[in-house]
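Chain residues, written in single-letter form:
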Amino acid sequence: MTVPISHEALRKFPLFSDLSDDDLDIVGRLVQTMSLKAGDILIEEGSVGDSAYLIQSGELEVVKQSNNREVLLTVRGMAGMSLEKSPS
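Everything numeric in this text was worked out from a predicted model, so none of it was measured.

Q: Got a minute to help me understand the overall build of the chain in this structure?
A: Summing up its helical and strand segments, the chain has 2 helices and 4 strands in all. Mapped from its N terminus to its C terminus, the chain presents α and β elements in the order α-α-β-β-β-β. Counting every position in the chain, which comprises 88 residues, the buried fraction comes to 15%. Taking the intrachain contacts of the chain between residues at least 6 apart in sequence as the baseline, contacts between residues at least 24 apart amount to 41%. Surface summary for the chain: the accessible area is close to 7100 Å², and the carbon and sulfur share equals 49%.

Q: Where do I start with the pairing of strand 2 (residues 60-66) in this structure?
A: The two faces of a sheet get side chains in turn, since along a regular strand they alternate between them. The pairing of strand 2 with strand 3 (residues 69-76) spans 7 bridges and is antiparallel. Residue pairing in the sheet places Lys64 in a bridge with Val71 of strand 3. Linking strand 2 to strand 3, which pair antiparallel, is a turn of 2 residues; within it Asn67 sits at a positive phi near 50°.

Q: I keep staring at the layout of surface pockets and nothing clicks. Help me out?
A: Summary: where empty space remains is shown by rolling a probe the size of a single water molecule over the atoms. Of the volumes computed, that of the largest pocket is approximately 1500 Å³. Elements that contribute at least two residues to the lining of the largest pocket include exactly helix 2 (21-30), strand 1 (51-54), strand 2, strand 3 and strand 4 (81-84). Per-element accounting of the lining of the largest pocket gives the leading share, 6 residues, to strand 2. Looking at the lining of the largest pocket, its residues break down into 24 nonpolar, 12 polar and 9 charged.

What counts, and at which threshold
Residues numbered from 1 in each chain as written. Predicted model: local features only at pLDDT ≥ 70, side-chain atom pairs only at ≥ 80, totals over all residues. Heavy atoms only, no water. Helix = DSSP H or I, 4+ residues; strand = E, 2+ residues; numbered from the N terminus. Buried < 20%, exposed > 50% of the residue type's maximum accessible area, 1.4 Å probe, protein only. Contact = heavy atoms within 4.5 Å. Areas by Shrake-Rupley, 256 points an atom, 1.4 Å probe, with all protein chains shown as cover. Pairing = 2+ DSSP bridges. 1 Å grid on protein atoms, 1.4 Å probe; cavity = no way out; pocket = protein on both sides within 12 Å on 5 of 7 lines; lining within 4 Å. Points joined across faces, edges and corners; volume = space filled by probe spheres on them. Nonpolar A, V, L, I, M, F, W, Y, C, P; charged D, E, K, R; others polar.

This is the structure:
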């Protein structure tokens, strides 16, 4: 289910803060919202990505497997952004 995102919510992200309402309408039609629960995996290391993820609320941990253990690389919070691009 796709839930529309408001202009106000999009403007919280520096990338979109100066866009006109018409431009935000276009972005809003392209954005898909999703909710994750604690422990859910958004992206797995080594997977091919082609999306940008905007964090509207909460936090997202970025971890890497190393020597059979999970290493925390960073924590992204509200209005954070994570880019996943397919290899060229």
